[in-house]
Amino acid sequence: MATRPNYQSGYHTGDTRRRGYGSRQSSGTGRRGTGYVYGNLAHQLEEVPERRQQPQRRRRHKVYPQQKPAAMPSIGFSSFVFLTMAVILVLGAGFAYLHVQSGITKMKDQVVSLQAEITETKQKNDEDYQKVMDSVDLSEVYSVATKQFGMIQAVDNKVYKYDNKKSDMVKQYGDIPEDKK
């Protein structure tokens, strides 16, 4: 019976010696590194044995007793009242702040509308003043004043200048005295 060659390792299954670099194979061909070939039959090269499977250990799940939730420390009645009052105070301050802010916004809107009204009124007054000034003829006013009312134009020596150091307004209670020379 013929032995099967192990082509990869250089061992012949029936041969006890190692086929190395300089040794001859038993086929007698004299070529190095060649093995036996049996027709077109492909042999399984170096079959690796399967690993032994160890029986799997079952893990035992440790059973822990259920822990009770930690009790929250309770607060005293006075602390509760203090915290409640503090929350009420903060909420009251927030509402007061919002009320003040809305009042400021309303006032700003009123100021803007009043400024627009002032601008419109000034423009209308300027237009009306210009109409009045265009309608008045100063030469006609002079002729009516001199002819109908008997007014005369002041001469430079008839104009009196008075400096009032107490106020800007002068009230005349009597005639101005004649020039004392």
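Bear in mind that the values here come from a model prediction, so they are computed numbers and not experimental data. (Residues numbered from 1 in each chain as written. Predicted model: local features only at pLDDT ≥ 70, side-chain atom pairs only at ≥ 80, totals over all residues. Heavy atoms only, no water.)

Colleague: So what exactly am I meant to see when it comes to the overall build of the protein chain here?
Modeller: Helix and strand content of the protein chain: two helices and two strands. The order of α-helices and β-strands along the protein chain, N terminus first, is β-β-α-α. Looking at the protein chain as a whole, 4% of its 181 residues qualify as buried. For the protein chain, the share of sequence-separated contacts (at least 6 apart) that also reach a separation of at least 24 residues comes to 36%. Counting only carbon and sulfur atoms, one obtains 56% of the accessible surface of the protein chain, whose full area is about 19300 Å². (Helix = DSSP H or I, 4+ residues; strand = E, 2+ residues; numbered from the N terminus. Buried < 20%, exposed > 50% of the residue type's maximum accessible area, 1.4 Å probe, protein only. Contact = heavy atoms within 4.5 Å. Areas by Shrake-Rupley, 256 points an atom, 1.4 Å probe, with all protein chains shown as cover.)

Colleague: Explain the confidence of the model for the protein chain here, please?
Modeller: The predicted coordinates should not be examined in detail at positions where pLDDT is low. Residues at a pLDDT of 70 or more form 71% of the protein chain, whose mean pLDDT is 77. Across the protein chain, element-level confidence peaks in helix H1 (residues 77-135) with a mean pLDDT of 95 and bottoms out in strand E2 (residues 11-12) with 48. Note on residues 15-30: pLDDT under 50 across the span, and 19 contacts to partners over four residues away in sequence or across chains. (pLDDT = per-residue confidence, 0-100.)

Colleague: Would you mind showing me how to read a nonpolar patch on the surface here?
Modeller: A contiguous nonpolar surface patch, about 890 Å² in accessible area, is contributed by Ile75, Phe77, Phe80, Val81, Phe82, Leu83, Met85 and Ile88. For Phe80, the position within the fold is in helix H1. (Patch = residues over 30% accessible without salt bridge, like charges linked within 9 Å, V, L, I, M, F, W, Y side chains within 5 Å. Salt bridge = Lys/Arg side-chain N within 4 Å of Asp/Glu carboxyl O.)

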